[in-house]
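Structure assessment
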Amino acid sequence: MAAGAIGVNTPAHVFGHPGPLFILTHSDPMDRIDEDSQTPAPPVTFTGRKTLVAAGVAVVLIAGALLIRPARTGDDARPPGPSERAAAAVGMGAPASATDVVALVADREKWVASHADDDASWAVLGSAYLEQARRTADSTWYPKAEKALKRSLEVRPAEKGNFDAMTGMGALANARRDFGTARKWGELVRAQAPRRWTAYPVLVDAYTGLGDYKGAQKAMELLLELRPGLVAHIRASQVYRDRGWREDAVVSMESAAAAAKAPAEKAYALFRLGELSWERGDAAEALRQYEGALRTDPAQAEALAGRARALAALGRGGEAVRDYRMALGRTPVPQLARELGELLESLGRQQEARAQYDALATMAARDGANGVDADVVLGLYEADHGDPAAAVRRLSQEWERHKSMQAADALGWALHRAGEHTAALEYAKKATEPGLRSADFAYHRAMIEQALGDEAGARRHLQEALRTNPYFSPVRGPLAKEALASIGQPAPGGPEHMQPVTPWVEPELPKPHPQPTPKPKPTAEPDPKPSPTAR
């Protein structure tokens, strides 16, 4: 039975796309009892068995009321309807397809209209709204999700163990990039039910957004222990990527793809494998993974944007512009508008690029009105194309809230663009030293070091940026190559002050004293044999 639901979403990665919203529920009421209580169940007597059977019958009846159709029997050949498929995905803690989520929303809205005190259905509805927000990039779904989840908490408050709605509130906060609030909700669930695994994906995302990467890794390890599977492997890949452990990140995401059961799950895992390939500069492999995701789930707008990125890297600019426009038509995300604007700028289409930058500001304002924190994307845009001083003010506030690598990189770049190079370098170090291998981060640090006259540091980080991903930006990539060429190679003979000021003269070493040859020890002569006449 779908006893309730939560939504969990991955925080925005380096390209700004939100992660999947996994709608999670407990399909087995006995499993829920085991998670929420540490007390072992008493042995079942004959009377207890009858009670348990009666309880099971009640569960089946309630499940029939919650779903469009009654529970199926093993020999029922009818294909499941959209709402039933979404409910099945909910029970597995996996994302449902776009059409199935729409059906589930319609079903739960109709149900709660006449059952306003059903806290579980309100939690399911709130999580479905969150998934709609992710798939459409329409932040107007967030207030609806908040209203539904709060209604669930009114009917069954947090102190009475409404864990599904509590975790849903944490997922909503993560989706809005309010990671401090997400952590509070996740820790509240963990304090009351430490073995309730659905709290840990929220905590992984929250701690990552706050810049507490050790806390994120600890929550991920507990998640793997409690519930190994699709959700846990995706979070493990995320944590390993942030630590710079690329091979581990790929293996974990491949495990997630192997654990996927529905097309929407498989497509998301393939998309993330494409992102990992893209980040290490393998544009051809990234394109293969993105296209695999689109074949599996054509509605995967994130994979469509990824394909645009890879096509641009492979010199297929016209196709890349087409895919970017299609992706923005499905999911109008500010980061995608920035990427398309820079691609158009690199192609010499300045007027079209300016239109995308204007659209970025409009999208960010819309998201801000719905409680979404878009300061990192807006700050980077303002630093490069607007007012760097305003970007510094905006990103300084963001850094106070979320001390993540992304916030540090953006603030450092804004400070550099505003002419405060010394302060900028401190934040660039905070972005590049924890472990994440990002060509953008390395490029930003190199430009800051060049402005400070540190040619050796600038050369090292420009080489790192181009070695990590030579296609990281259609605008900044060529600038990185130009900057590296202008710096040139180090002077012959090594760095300054490494050579002696006077010619080297071989020192006179003391000759070793010869050791006296030891005299051989005398050997004992054998006793002469007595002659016979000596007797």
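Residues numbered from 1 in each chain as written. Predicted model: local features only at pLDDT ≥ 70, side-chain atom pairs only at ≥ 80, totals over all residues. Heavy atoms only, no water.

1. Comments concerning the overall build of the chain
From N to C terminus, the chain includes 25 helices and two strands. Out of the 535 residues in the chain, the part that is buried amounts to 51%. Look at the contacts in the chain between residues 6 or more apart in sequence, and 59% of them connect residues 24 or more apart. Counting only carbon and sulfur atoms, one obtains 57% of the accessible surface of the chain, whose full area is about 25700 Å². (Helix = DSSP H or I, 4+ residues; strand = E, 2+ residues; numbered from the N terminus. Buried < 20%, exposed > 50% of the residue type's maximum accessible area, 1.4 Å probe, protein only. Contact = heavy atoms within 4.5 Å. Areas by Shrake-Rupley, 256 points an atom, 1.4 Å probe, with all protein chains shown as cover.)

2. Observations concerning the pattern of salt bridges
Scanning the model with the defined rule gives 36 salt bridges in all. Of the charged contacts in the structure, one is a salt bridge between Glu279 and Arg241, with a shortest N-O distance of 3.0 Å. Within this pair, whereas Glu279 is found in helix α13 (residues 263–279), its partner Arg241 is found in helix α11 (residues 230–243), the two being separated by 38 residues in sequence. In this pair, the class of Glu279 matches that of Arg241, namely buried. The partner of Arg445 in a salt bridge is Glu433, and the shortest N-O contact between them spans 3.8 Å. Of this pair, Arg445 sits in helix α23 (residues 439–451) while Glu433 is found in the loop between α22 (421–432) and α23, placing the two residues 12 residues apart along the sequence. Assessed through its relative accessible area of 9%, Arg445 is described here as buried. The exposure class assigned to Glu433 is exposed, which follows from its relative accessible area of 55%. (Salt bridge = Lys/Arg side-chain N within 4 Å of Asp/Glu carboxyl O.)

3. Comments concerning the UniProt feature "repeat: TPR" (unreviewed entry) in the chain
UniProt annotation of "repeat: TPR" (unreviewed entry) refers to residues 267–300 when read in the numbering used here. Helix makes up 79% of residues 267–300 and strand 0%, with an end-to-end C-alpha separation of 7 Å. (UniProt positions renumbered as here; feature names shortened; annotations may be inferred.)

4. Quick notes on the packing of aromatic side chains
This model, assessed by the stated rule, comprises eight aromatic pairs. Plain terms: the ring middles of Tyr240 and Trp245 are 5.9 Å apart, the flat faces sit at 35° to each other, and that makes the pair tilted. Using a relative accessible area of 33% as the deciding quantity, one classes Trp245 as partly exposed. With a centroid separation of 5.8 Å and 45° between ring planes, the pair formed by Tyr357 and Tyr381 is classed as tilted. With a gap of 24 residues between them, Tyr357 in helix α18 (residues 350–369) and Tyr381 in helix α19 (residues 375–385) connect regions that are remote in the sequence. Residue classification places Tyr357 among the buried positions, given a relative accessible area of 2%. Note that Lys144 overlies the ring of Trp141, its terminal NZ or CZ placed 4.4 Å from the centroid. (Phe/Tyr/Trp six-rings, centres within 6.5 Å; stacked < 30°, edge-to-face > 60°. Lys NZ or Arg CZ within 6 Å of the ring centre and 35° of its normal.)

5. Here's the deal with the nonpolar core
One recurring pattern in soluble globular proteins: nonpolar side chains tend to sit buried together. One finds Met253 and Leu336 to be the most contacted residues of the largest nonpolar core, which totals 64 residues. Residue contributions to this core peak at eight residues, all from α13. By size, the runner-up hydrophobic cluster in this structure holds 37 residues, among which are Val376, Ala483, Leu484 and Ile487. (Core = buried A, V, L, I, M, F, W, Y, C linked by side-chain atoms within 4.5 Å.)

6. Thoughts on helix α20 (residues 388–401)
Because each turn of an α-helix spans 3.6 residues, side chains separated by three or four positions end up pointing in the same direction. Taking 1.5 Å of rise per residue, 14 residues should cover 20 Å, and α20 covers 20 Å from first to last C-alpha, within 8% of that figure. Burial in α20 covers these residues: Ala390, Ala391, Val392, Leu395, Glu398 and Trp399. Buried residues in α20 make contact with α19, α21 (405–417) and α22. One side-chain oxygen at the N-terminal end of α20 lies 3.1 Å from the backbone nitrogen of Ala389; it belongs to Asp387. (Expected span 1.5 Å × (residues − 1). Polar contact = N/O pair within 3.5 Å; in protein donor to acceptor, adjacent residues only side chain to side chain.)

7. Considerations on unusual backbone geometry
Non-glycine residue Ala137 carries a positive phi angle of around 55°. Residue position: Ala137 is located in the loop between α5 (119–136) and α6 (141–155). Accessibility expressed as a relative area gives 15% for Ala137, which makes it buried. Positive phi outside glycine occurs at Arg177, with the angle close to 65°. Examined against the element boundaries, Arg177 turns out to sit in the loop between α7 (163–175) and α8 (179–192).

8. Considerations on helix α17 (residues 334–346)
The end-to-end C-alpha separation of α17 is 19 Å, in line with the 18 Å expected for 13 residues at 1.5 Å each. Counting buried positions along α17 gives 11 out of 13 residues, so the element sits mostly inside the fold. Inspection of α17 places Pro334, Gln335, Leu336, Ala337, Arg338, Glu339, Leu340, Gly341, Glu342, Leu343 and Leu344 among the buried residues, and these make up the whole buried set. Packed against the buried residues of α17 are α15 (301–313), α16 (317–330), α18, α19 and α25 (476–487). Phi turns positive, to about 80°, at Gly348, one or two residues after α17.

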